[in-house]
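Topology and contacts: notes
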Amino acid sequence: MVLALTVCGIVVALVVLGLFVFGLRRRLIQRSGGTFDCSLRWDVPERPDTSGKGWSYGVARYSGDRVTWFRVFSYAYRPRRVLERASIEVAGRRLPEGEEELALLSDAVILVCLHQGTRLELAMSEDALTGFLAWLEAAPPGQRVNVA
């Protein structure tokens, strides 16, 4: 009986500690500012896949001429993807369709992009999309920016 209670107590403590570390990691990522909620789907085929598969929920952060993207459900402090402003080409935007509506946040808009030859999709709120497009267009003089 004592052993079972001890094991249950340890399991509960580990779960609480794990949730605390998730929260602490997100606070550390957001501490420097310039963050927004952003789902990402990497290496997308030409035809839109509306099955909802492949989307990862995350937090993106502006860092100079880069956007760093972090998975929400990860303990890693390093970004999962780094998108260079000069390498991002916007191919279009669309609203979620089919199963995507369930996989993404309710107010999401999908931005279809090319980054160094890789097709990707970013899903974010309309406000975050406006900020992202403004950030793309605010490139220093001499850099090419491709916004459709």
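In case you missed it, the structure is sitting above this.
For the structure given in this document, a descriptive report is provided here. Small disclaimer: the values here were computed from a predicted structure and weren't measured.

Once that is clear, we can look at the overall build of the protein chain. Across its full length, the protein chain holds three helices and seven strands. Helices and strands appear in the protein chain in the N-to-C order α-β-β-β-β-β-α-β-β-α. Here the C-alpha radius of gyration of the protein chain, 18 Å, is well above what a compact globule of 148 residues would show, namely 15 Å. The principal-axis extent of the C-alpha atoms belonging to the protein chain is close to 70 × 35 × 25 Å. As displayed, the protein chain has an accessible area near 9000 Å², and 58% of this comes from carbon and sulfur atoms. In the protein chain, which carries 18 positive and 16 negative side-chain charges, the distance between the mean positions of the two groups comes to 10 Å.

All right, on to the nonpolar core then. The biggest cluster of nonpolar side chains holds 21 residues, and the ones touching the most others in it are Leu 122, Met 124 and Phe 132. Listing elements by their share of this core, those giving two or more residues are β1 (35-42), β3 (66-71), β5 (88-94), β6 (108-115), β7 (118-125) and α3 (126-137). Of the residues forming this core, the biggest block, six residues, is contributed by α3. Those residues in contact with Leu 122 that lie beyond four places of it in its chain are Cys 38, Ser 39, Leu 40, Trp 55, Leu 83, Val 109, Ile 110, Leu 111, Cys 113 and Phe 132. Ranked by size, the runner-up nonpolar core spans five residues in total, among them Trp 55, Leu 104, Ala 108 and Ile 110.

Moving on to the pattern of salt bridges. For the structure shown, the criterion picks out six salt bridges. Glu 100 is paired through a salt bridge with Arg 41; the nearest N and O atoms lie 2.9 Å apart. Taken as a pair, Glu 100 in helix α2 (residues 100-103) and Arg 41 in strand β1 lie far apart in primary sequence, 59 residues in all. The partner of Glu 121 in a salt bridge is Arg 41, and the shortest N-O contact between them spans 2.6 Å. Here the residue Glu 121 occupies a position in strand β7, and Arg 41 occupies one in strand β1, the gap between them amounting to 80 residues. The exposure class assigned to Glu 121 is buried, which follows from its relative accessible area of 2%. Since its relative accessible area comes to 4%, Arg 41 is described here as buried. One salt-bridge network, held together by shared partners, links Arg 41, Arg 94, Glu 100 and Glu 121.

Parameters and conventions
- Residues numbered from 1 in each chain as written.
- Predicted model: local features only at pLDDT ≥ 70, side-chain atom pairs only at ≥ 80, totals over all residues.
- Heavy atoms only, no water.
- Helix = DSSP H or I, 4+ residues; strand = E, 2+ residues; numbered from the N terminus.
- Rg over C-alpha atoms; globule rule 2.2 N^0.38 Å.
- Areas by Shrake-Rupley, 256 points an atom, 1.4 Å probe, with all protein chains shown as cover.
- Lys, Arg positive; Asp, Glu negative; His and termini not counted.
- Charge placed at Lys NZ, Arg CZ, Asp CG, Glu CD.
- Core = buried A, V, L, I, M, F, W, Y, C linked by side-chain atoms within 4.5 Å.
- Buried < 20%, exposed > 50% of the residue type's maximum accessible area, 1.4 Å probe, protein only.
- Contact = heavy atoms within 4.5 Å.
- Salt bridge = Lys/Arg side-chain N within 4 Å of Asp/Glu carboxyl O.

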